[in-house]
Amino acid sequence: FVYVLWSQKLSKRYIGSSEAVESRLIEHNRASNKFTKGGIPWIKFYQEEFQTKTEAIRREKFLKSGQGRKWLDNEFLTFRRDAGVV
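Residues numbered from 1 in each chain as written. Predicted model: local features only at pLDDT ≥ 70, side-chain atom pairs only at ≥ 80, totals over all residues. Heavy atoms only, no water.

Peer 1: I would appreciate a short explanation of the sheet that holds strand β2 (residues 12-17) in the present structure.
Peer 2: Two orientations exist for strands paired in a sheet by backbone hydrogen bonds: parallel and antiparallel. Taken in spatial order, the three strands of this open sheet run β2-β1-β3, and their pairing is antiparallel. The two strands at the open ends of the sheet, each matched to only one other strand, are β2 and β3 (42-48). With direction set aside, neighbouring strand axes in the sheet form an average angle of 25°. Where strand β1 (residues 2-7) lies against β2, six bridges are found, and the strand directions are antiparallel. Looking at the pairing, Leu5 lines up with Tyr14 of β2. Set on the sheet, helix α2 (residues 53-64) makes contact with β1, β2 and β3; between it and β2 the angle comes to about 160°. (Pairing = 2+ DSSP bridges. Helix = DSSP H or I, 4+ residues; strand = E, 2+ residues; numbered from the N terminus. Axes fitted to C-alpha atoms, helices over the stretch in contact; angles between N-to-C directions. Contact = heavy atoms within 4.5 Å.)

What follows is the structure, given as structure tokens:
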């Protein structure tokens with residue numbers, strides 16, 4: 001899976017990949033990751049499933065690129081409005 005988390009506190013998103021998204025979200029919210037501990041609480045607002053780890057990593061890299069961030073901004077404008085970001 002590739003997942004996108006949102007931190008209202010930081011008004012930022014975090015993009016990652018994992019075979020166990022819900023467990024990974026719990027880890028992020030327990031401050032197990034130094035990059036996300038400042039944004040607790042994180043909520044999952046998007047995920048995609050892939051057949052292979054290679055496909056998931058490729059998609060994760062895309063979503064972290066300029067084009068991927070733009071796609072996320074456009075695709076999730078409603079979420080961002082609801083979250084008070086826009």
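So, next bit.
Peer 1: What exactly am I supposed to notice about unusual backbone geometry here?
Peer 2: Negative phi characterises most residues that are not glycine, and trans characterises most peptide bonds. For the peptide bond that leads from Ile40 to Pro41, omega is 5°, which places it in the cis range. Of note, Pro41 is situated in the loop between α1 (21-29) and β3. Of note in the backbone geometry, Ser11 takes a positive phi value of approximately 55° without being a glycine. In this fold, Ser11 is placed in the loop between β1 and β2. Classification of Ser11 as partly exposed rests on a relative accessible area of 41%. (Buried < 20%, exposed > 50% of the residue type's maximum accessible area, 1.4 Å probe, protein only.)

Peer 1: What is the right way to read the pattern of salt bridges from this model?
Peer 2: A side chain of one charge can pair with a side chain of the opposite charge when the charged atoms of the two come close. Taken as a whole and assessed by the stated rule, the structure comprises five salt bridges. In this structure, Lys44 engages Glu22 in a salt bridge whose closest nitrogen and oxygen atoms are separated by 2.5 Å. One end of the pair, Lys44, is in strand β3; the other, Glu22, is in helix α1, and 22 residues separate them in sequence. For Lys44, a relative accessible area of 30% puts it in the partly exposed group. Judged by relative accessible area, Glu22 falls into the partly exposed class, the value being 45%. (Salt bridge = Lys/Arg side-chain N within 4 Å of Asp/Glu carboxyl O.)

Peer 1: What am I meant to see in the packing of aromatic side chains here?
Peer 2: The description of an aromatic ring pair rests on the distance of the ring centres and on the angle between the ring planes. For the coordinates displayed, the defined rule picks out six aromatic pairs. Here the aromatic rings of Tyr3 and Tyr14 are separated by 6.4 Å at their centres, their planes lie at 40°, and the arrangement is tilted. Taken as a pair, Tyr3 in strand β1 and Tyr14 in strand β2 lie far apart in primary sequence, eleven residues in all. In this pair, the class of Tyr3 matches that of Tyr14, namely buried. The structure contains a cluster of three or more aromatic residues connected by ring pairs, namely Phe45, Tyr46, Trp71 and Phe76. A cation sits over an aromatic face here: Arg59 above Trp71, 4.8 Å from the ring centre. (Phe/Tyr/Trp six-rings, centres within 6.5 Å; stacked < 30°, edge-to-face > 60°. Lys NZ or Arg CZ within 6 Å of the ring centre and 35° of its normal.)

Purely geometric stuff here, so don't read any function into it on its own.
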